Amino acid sequence: MSREGDATNTEIGPGTPEVISRAPGYLARRLHQAYTAAWSRRVDPVLTGPQYAVLATVEAHPRLDQGSLAHTVALDRSTMADVCRRLEERGLIERTQAPADGRRKLLGLTDEGRTALARVHARVSALEDELMAEHAACAERLIADLDALSRRWETVATGPPA
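Residues numbered from 1 in each chain as written. Predicted model: local features only at pLDDT ≥ 70, side-chain atom pairs only at ≥ 80, totals over all residues. Heavy atoms only, no water.

Enquirer: Tell me what's going on with the pattern of salt bridges, and back it up with residues and numbers.
Expert: All chains considered together, the criterion is met by twelve salt bridges. Glu 130 is paired through a salt bridge with Arg 42; the nearest N and O atoms lie 2.2 Å apart. Note that Glu 130 is positioned in helix 6 (residues 111-132) and Arg 42 in helix 2 (residues 24-42), a separation of 88 residues in sequence. By relative accessible area, which is 45% here, Glu 130 ends up partly exposed. Asp 101 is the salt-bridge partner of Arg 103, the closest N and O atoms lying 3.3 Å from each other. When salt bridges with common partners are traced through the structure, they connect Asp 82, Arg 85, Arg 86 and Glu 89 into a single cluster. (Salt bridge = Lys/Arg side-chain N within 4 Å of Asp/Glu carboxyl O. Helix = DSSP H or I, 4+ residues; strand = E, 2+ residues; numbered from the N terminus. Buried < 20%, exposed > 50% of the residue type's maximum accessible area, 1.4 Å probe, protein only.)

Below, the structure is given as structure tokens:
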């Protein structure tokens with residue numbers, strides 16, 4: 001029998017209690033952890049999913065302001081500022097002041113950013129195909145359900161406290 005903290009423990013451990021294993025938040029966290037680990041191994045160990053989302057959105061909407069981009073990719077403003085700072089430091093995006101409002105930062109891809117984005121697009125697509133392989137027949141419906149669930153959870157998260 002293994003003991004907690006035993007470095008030689010090779011057992012998986014006890015089963016997850018049903019009260020946890022059937023909790024949507026627990027399952028969402030498991031999905032996120034698995035996705036993040038798969039992303040790091042299969043797509044890019046440095047470029048994160050949120051950074052990719054920013055690059056892909058800036059490519060689709062050049063000169064979008066940082067605040068609008070945060071809303072579009074579902075990141076809070078402080079996280080967006082950090083992501084943009086990191087991407088700018090790596091030379092993947094450039095931030096310029098909006099002519100009419102110096103507080104607004106407009107975003108654009110650099111040549112290096114376009115190259116990085118092109119390099120990972122195929123890997124992202126391959127990862128998503130592999131992740132959804134067993135659900136290919138219902139993938140479109142599953143994605144729609146996940147989107148609806150995300151929207152609902154965002155509404156709950158921003159609603160009145162308990």
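After that view of the structure, there is still more to cover.
Enquirer: Requested: an account of unusual backbone geometry, with residues and values cited.
Expert: Positive phi values are uncommon outside glycine, yet Arg 63 reaches one of about 65°. Inspection of the secondary structure assignment puts Arg 63 in the loop between helix 3 (49-60) and strand 1 (64-65). For Ala 74, which is not a glycine, the phi torsion comes out positive at approximately 60°. As for its placement among the helices and strands, Ala 74 is situated in the loop between helix 4 (66-72) and helix 5 (77-89).

Enquirer: Explain helix 5 residue by residue, including any values.
Expert: With 13 residues, helix 5 extends 18 Å from end C-alpha to end C-alpha; this agrees with the ideal 18 Å at 1.5 Å per step. Among the residues making up helix 5, those that are buried are Met 80, Val 83, Cys 84 and Leu 87. Buried positions in helix 5, seen along its axis, are confined to an arc of 95° and lie on one side of it. Residues Ser 78 and Glu 89 are exposed on helix 5 and point more than 90 degrees away from its buried face. (Expected span 1.5 Å × (residues − 1). Arc of directions from axis to C-beta.)

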